[in-house]
Structures are given as C-alpha cells and as structure tokens.
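Listed below, chain by chain, are the residues.
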Amino acid sequence: MGLRGTLCALVLVSISCWCSASRIDANQTATLLVDASPGMGRMMPQNMFGIFFEEINHAGAGGLWAELISNRGFEDGGPNTPSNIYPWSIIGNETNIIVSTDRTSCFIRNKVALQMEVLCDNNGSNICPAGGVGVYNPGFWGMNIQQGKAYKIALHVRTSESMNLYLSLTSSDGSLNLATATIQSDTLEKTDWTKVELQVESSGTNVNARFQLTTTTKGVIWLDQVSVMPLDTYKGHGFRMELASMLADLKPRFLRFPGGSYVEGEWLMNAFRWRETIGPWEERPGHFNDVWKYWTDDGLGFYEFLQLAEDIGALPLWVVNTGISHNDQVNPSSISAFVKDTLDAIEFARGDSGSKWGSVRASMGHPEPFQLYYVALGNQDCSKRNYKGNYLKFYSAIKDAYPDIQVISNCDGSSGPLDHPADLYDFHVYTSANNMFSMAHQFDRTSRSGPKAFVSEYAVTGKDAGKGSFLAALAQAGFLIGLERNSDIVEMASNAPLFVNDNDRRWSPDAIVFNSWQQYGTPSYWMQHFFKESSGAIIHPSVLQASSTKSLMASAITWQKSEDGNKYLKIKIVNCGSDLVNLKISVTGLENDVCSCVSKKTVLTGRLTDENSFREPKKVFPVSSKLPNARSNMDVVITPYSINAFDLFLAPASYSSSM
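In this text, all values refer to a predicted model and were calculated from it rather than measured experimentally.

## Section: the overall build of the protein chain
Okay, so step 1: Secondary structure summary: the protein chain contains 10 helices and 35 strands in total.
Okay, so step 2: The C-alpha atoms of the protein chain give a radius of gyration of 28 Å, which matches the 26 Å a tight globule of 659 residues would have.
Okay, so step 3: The principal-axis extent of the C-alpha atoms belonging to the protein chain is close to 90 × 60 × 50 Å.
Okay, so step 4: Taken over 659 residues, the protein chain has a buried fraction of 59%.

Shown next, in the form of structure tokens:
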C-alpha cells in the first residue's frame, strides 16, 4: 500500500449504492435464481483470494516475527557513534556505569556495538548496588513471557576482564525475576567476541516483561546482536504462533510481500533490499523503514517470507523495487544492476541447491526450491517518469530466464488496453463504504481480452472505517462478490493492510490487531472467511430479482471440502441496506440432492459502527447454525446489514440412496 493509495478509486465510481442507515421499507421480497446445470458454471482462478503483508504498523518487527528484542543490533541510532540506544535503558547511574556505543562489532555489515564501562565492583570503595548494573530492553511495548514456556537467548559478548554476566527476564520494573541464567567468566574469550546461546524456562507470566543483563564486577563489556525468541513459534520457523495461525485460518492462496510503499522507500537508500535480509540473522544489517518511520532488524527477511508462504499453504508473490522510490528513481539506462539483483533473488527462491544463490537458500535450511511464480514490478509506480522504461527491462529479463513467472504491471488495465506486455495488472482501491459497494460492478464492462486484474489492495477508509468497523466489512464483502462474478477477468485479490500493533497505528483500518500478548480479528478479517472456499471453486450464473437490488449482492459457488471430499453449494448474500429481505432461493440443474444433515447458515452482522476490541474481540463475529430447511428451493430471511452464507451439502448418490 502507499500514501497515494487513497487516490486510486476516486475517478472509478459511476454506480450509486445504498450502504447506509436510511430506511425506505421495513421489509423487501426478493428471489435469487441459480443455474447449477453442468457446463453452465465457470471455474474461478485457483489463487483468487490471498493476503498482503506490508511492514507497516510494526506488523513484522514486534509482530508476526517473534523476536522479543527491539534494536537487537544497536544499529537503530545510525552508523555514527556515540548513538542513541533506544529502547535499551541503563540499570544504575553514572557513578557505577557508563554506557555508549562504538564501532568495534565483529560483524562487517553492522559495526555498532554497545559498550558498558562498569565502575563499581563487588568489593572496595564503590560497591555495585544489589542486583548489579547493566542494561535492559523492554521489547516492543513489553515482552509476553509465559509460565512454563521456553525462550532462547543469544548474544555476542566481549569483556576486558574476567567477569560473570547475569541474564534475566523480569517484570517491567525489574523487581520480579521470571527466568535467569549466568554467563560464567571462564566461558568467555577474554578480549575476543564470543557467541553465547542459552535456553531458559519462565517460572511465571508477565505480559509486560523485559530482558536485562547485569554484572557486579568492574570492567568493560561489549554487547552486540542480542536476541530473545520463544521456542514455541509457528511450525518452528520464528513466526508468532497466534498471528500466523490467524493467517493460515484464512486459507490464503497467495502471500503478497513485503509491501507496498515499504518496497519503494521514501528514498532508494532505505528501500527493502532482499540480499541484505538473508543469511544468519546476526549478520543482517537491518534498515530504517523511512516510509513508516521505524527501524527493522530484518529478521523477517526474503527467506522468511518465502517460508511463511509455504507454511500457510500459499504461493509467494514478490513485489520488486524497480529502481523507484517515492522521491528518487534510476534511469532505464542505468537499471541493469537492479535487474540482475532481481534475477539473483529469483534464483535464490527457485534455483536448485547447486546454483550460486540456490545453495545459499539450501544452507539456510531449505534445499528444495520455493514455488515463486508471481513477481510484481513496483508498487503504484505507473505514473513515475522511469517506470515503463525500467519495467520493460525487468519484464524481458525475467521472461527470458523464467517464462513461467507471471509478471504484474502497476498500470491499470481495467478501463483500456495496456501499452506494454504483462500477465496481470495491479488495481488498488481505498474509498468510502458506498463507493466500495458500488465497485462490485467495476469490472462488469472491462474488456475480456488482455491481462487480468490483480486487486492487490482494497479497503474502506476514512470515517466509514474507523479502526475497523462492520460497515467497512459489509461494503468490502459486496465488492468481493462482484470480483467473484467477474473472476473471468479478475485473477486475484487481497485486503490491505493486514496487521497493526495497537501501540503504533500508522494506518487504519487493518484486518488483525495485536499487542504483545493479545490479538483479534476486525470485522473485515472475519468477512474474508466467507471467501476462503472460493479459490478454484465453480461459480454459477445467478440473478437477483427484486423491486430494488442496489443494496444486495449475491453469488453461488460449488466447492469441495479438502478434508473429506464432500461438495457444497455456497450461496452468499450481502445486504448493505436497512431492509429485512424475505428471499426465495431457487436452484436448478443440481446433479446431487441437497441434504439438510450438515448444511448450515453463517451470518456476520451488527451495528454499522460496531468494532471489535481487546475487551470485546468477537463483538462482530460469524455465527453458524444448522439449516434444517436446506433444499434447492427454500425461503430464507436476510437481516438488514448482514453478510450471509448458506452452505448446502450436496449428497453423493451413494449417500442419498442410503437415507
């Protein structure tokens, strides 16, 4: 996503819509006709609905990536020393400890290290205070330390004297120890850097904990690349368990990463560079996210994004910087190094383990290639002076080396043909609820020839959205039904943004809200669950008949449950208006009988301004119930302001004959 994203939809809306609180009639009667005859339906794209991750709102650093230490390499303050060590703080005062930074680290790409000159001792005239002196790190607005859970502590240390170091996870004020470990002086190489790795188990729970390192011995200590990671992460790959599980529950077919504007940077010098984010974590230099104004250590790097996609069953979709940022850009005549860099990255992802970059991937623990088949060239850059010239050079090089990769252009092809080759084109929309619902018809008149659309960023924004209102979810549901109905020309779609740390809201609304220890889905997150069976499903022709359908959207799909192979006819109805609708559903052409035994109805509804919160995480939440009257012809009631799904079990012949 980008700061300019709100402009994308302003000139695109031409159809009126009523997704508001105005009331015309108390009730409305409507009919939905569905033709499920063999051969009449159309298979939707296999990767229709996915997710879009951007490093915004501390989505990764202090969020999805489970690292608990903030500024673990002391690079946040910049390369010049002495520098700011925030959020690290000093335990002690100037009479017993002096803390600064210098450039003596053993790591070539991140030279800044922390130096602690301890002036007090365990004997003599300047006795160290009880508990010692040192430094502590509060993490990202507190560390969630849980009783009985194990944590891996890793750090690089150098000392001038023989001295013991004490590591601990404590309460926020340091008064209560949750886990402790000691680095004995005889385990350290005096004057040389030593990597120390320890595992501790917490004896208590504190969701606002901190990590601290102390000593009671006079001397000088240098620290660098300090890490605290929970051992319990999603599939053991370093992702915060609860957040990654919420992603997997959406059953996304693709993961678009790592941005958004984060890909571009305000300046190219601060753009995401894949090469700087691979290899051992302590050797990664990190970089300043100058678009969203915070430092990231890049523990969540190119390799981890590829791994995350695989872990949640999605295909990776990489957004490439084409030599363009928000404020500077490379001329096409000088872009060849950027093109080569992209080809190297694709080789890292897809090359065999014997190739130059494939071998690097293999050394990181993944000898088999990742399934990278989608590459987006740039983010919202079509209007930039050098974009098309650069694009053509990237496109030709990628297609020559990897003809099976789908290349995505930033230029909108929905209203006219593109003037350059592309497999897909990017389409972003940030707008009001009424406009979003109206845009369900955006692609009705789009040409059926040429590249297909990738709606990679859609969201209701502004006053309609709040911090994640039900109104936003309702309008977006109507929009997605429109995309389903136009899935012959719309290939893929994803909501934006995905995550927000409640302590750092740079953008609202977002699908998933979290802090150090809690998380919840906004109504828009739960809305997306209504579409997680759509990818690769058969969409059937359907017609709504009513005196007015401007507040209604509907679709009908046949999908198959992977666990048992059972088939269902899913009928979705979005009512964006204030009228209760008595709906008659009539389905013709079914090859299987509808069985009420496991058929169900799911409804997401609430007041338009309702939002979920840590206090009420499921205030707006899908509610499912049995559907005893399930049949091919049935009467149902659609409440005002609601998203509805009717999953009708299509009983196989053998099942029907045994009933």
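## Points about the sheet that holds strand β27 (residues 538–539)
Okay, so step 1: Across the sheet, which stays open at both edges, the seven strands sit in the order β2-β27-β29-β30-β35-β32-β33 with antiparallel pairing between neighbours. Two strands bound the open sheet, and with one partner strand each, they are β2 (42–43) and β33 (623–626).
Okay, so step 2: Strand direction decides the pairing type here: β27 and strand β29 (residues 552–560), joined by two bridges, are antiparallel. Directly across from Ile-539, in β29, lies its bridge partner Ile-557.
Okay, so step 3: Of the strands in this sheet, β2, β27, β29, β30 (567–575), β32 (593–605) and β35 (642–651) touch helix α8 (residues 470–485), which is tilted by about 60° from β29.

## Digging into the sheet that holds strand β12 (residues 194–201)
Strands pair in a sheet through their backbones, by hydrogen bonds, and they do so in one of two ways: parallel or antiparallel.
Okay, so step 1: In spatial order, the strands read β5-β6-β14-β9-β12; together these five strands make up an open sheet with antiparallel pairing. The open sheet has two edge strands, β5 (97–102) and β12, and neither has a second partner. Across the sheet, the mean angle separating the axes of adjacent strands is 30° when strand polarity is ignored.
Okay, so step 2: As judged from the five bridges shared by strand β6 (residues 113–118) and strand β14 (residues 219–230), these two strands associate in the antiparallel manner. Counterpart to Met-116 in the pairing with β14 is Ile-221.

## Some thoughts on the state of the cysteines
Okay, so step 1: Applying the stated criterion to the full structure yields three disulfides.
Okay, so step 2: Linked covalently through their sulfurs, Cys-120 and Cys-128 form a disulfide whose S-S length is 2.0 Å. One quick way to see it: the torsion about the S-S bond of Cys-120 and Cys-128 is about 95°, and its sign makes the bridge right-handed. By the burial criterion, Cys-120 is buried, and Cys-128 matches it.

## Concerning the pattern of salt bridges
Okay, so step 1: Counted according to the given criterion, the structure contains 28 salt bridges.
Okay, so step 2: Put simply, Arg-240 and Glu-242 hold a salt bridge, and the shortest N to O gap is 3.5 Å.
Okay, so step 3: The partly exposed category is assigned to Glu-242, whose relative accessible area is 35%.
Okay, so step 4: Each of Lys-152, Lys-195, Glu-197 and Glu-282 takes part in salt bridges that share partners, so that together they form one network.

## Describing the packing of aromatic side chains
Okay, so step 1: Summed over the entire model, instances satisfying the criterion amount to 28 aromatic pairs.
Okay, so step 2: Residues Trp-274 and Trp-357 carry aromatic rings whose centres are separated by 5.2 Å and whose planes lie at 75° to one another, so their mutual orientation is edge-to-face. Taken together, the residues Trp-274 in the loop between α2 (261–264) and β16 (287–289) and Trp-357 in helix α5 (residues 356–363) connect sequence positions 83 residues apart. This pair shows no difference in class: Trp-274 is buried, exactly as Trp-357 is.
Okay, so step 3: Put simply, the rings of Phe-53, Phe-257, Trp-274, Phe-302, Tyr-303, Phe-305, Trp-318, Phe-348, Trp-357, Phe-370, Phe-499 and Phe-514 pair up and form one aromatic cluster.
Okay, so step 4: Between Arg-158 and the ring centre of Trp-222, over which it is positioned, the NZ or CZ distance is 3.9 Å.
Okay, so step 5: Geometry around Phe-52 places Arg-256 over its ring, the cationic atom sitting 4.3 Å from the centre.

## A look at helix α1 (residues 241–249)
Okay, so step 1: Listing the buried residues of α1 in full gives Leu-243, Ala-244, Met-246, Leu-247 and Ala-248.
Okay, so step 2: Those residues of α1 that are buried are in contact with β3 (51–52), β24 (499–501), β25 (512–514), β26 (519–521) and α9 (523–528).
Okay, so step 3: Backbone geometry just downstream of α1 places Lys-251 in the positive-phi region, at approximately 50°.

## Here's the deal with the packing of helix α4 (residues 336–350) against helix α6 (residues 387–401)
Okay, so step 1: Look at α4 against α6: their axes get within 10 Å of each other, and the N-to-C directions meet at 35°. As for the relative orientation of α4 and α6, their crossing is right-handed in sense. Only Lys-393, Phe-394, Ala-397, Ile-398 and Ala-401 of α6 make contact with α4, whose side of the interface consists of Phe-338, Val-339, Thr-342, Leu-343 and Ile-346.
Okay, so step 2: Split by residue class, the contact of α4 with α6 holds eight nonpolar, one polar and one charged.

## Details of the pairing of strand β23 (residues 490–495)
Okay, so step 1: Of all the six residues making up β23, six are buried; the element is thus mostly covered by neighbouring parts of the structure.
Okay, so step 2: Two elements, strand β22 (residues 452–460) and β23, share four bridges in a ladder whose sense is parallel. Bridge assignment links Tyr-458 to a residue of β23, and that residue is Asn-495.
Okay, so step 3: Handedness of the crossover joining β22 and β23 through α8 is recorded here as right-handed.

What counts, and where the lines are drawn
- Residues numbered from 1 in each chain as written.
- Predicted model: local features only at pLDDT ≥ 70, side-chain atom pairs only at ≥ 80, totals over all residues.
- Heavy atoms only, no water.
- Helix = DSSP H or I, 4+ residues; strand = E, 2+ residues; numbered from the N terminus.
- Rg over C-alpha atoms; globule rule 2.2 N^0.38 Å.
- Buried < 20%, exposed > 50% of the residue type's maximum accessible area, 1.4 Å probe, protein only.
- Pairing = 2+ DSSP bridges.
- Contact = heavy atoms within 4.5 Å.
- Axes fitted to C-alpha atoms, helices over the stretch in contact; angles between N-to-C directions.
- Disulfide = S-S within 2.5 Å.
- Salt bridge = Lys/Arg side-chain N within 4 Å of Asp/Glu carboxyl O.
- Phe/Tyr/Trp six-rings, centres within 6.5 Å; stacked < 30°, edge-to-face > 60°.
- Lys NZ or Arg CZ within 6 Å of the ring centre and 35° of its normal.
- Left-handed = near helix turned anticlockwise from the far one by under 90°.
- Nonpolar A, V, L, I, M, F, W, Y, C, P; charged D, E, K, R; others polar.
- Right-handed = clockwise from strand over helix to strand, strands pointing away.

Such coordinate-based values are descriptive only and should not be taken to indicate function.
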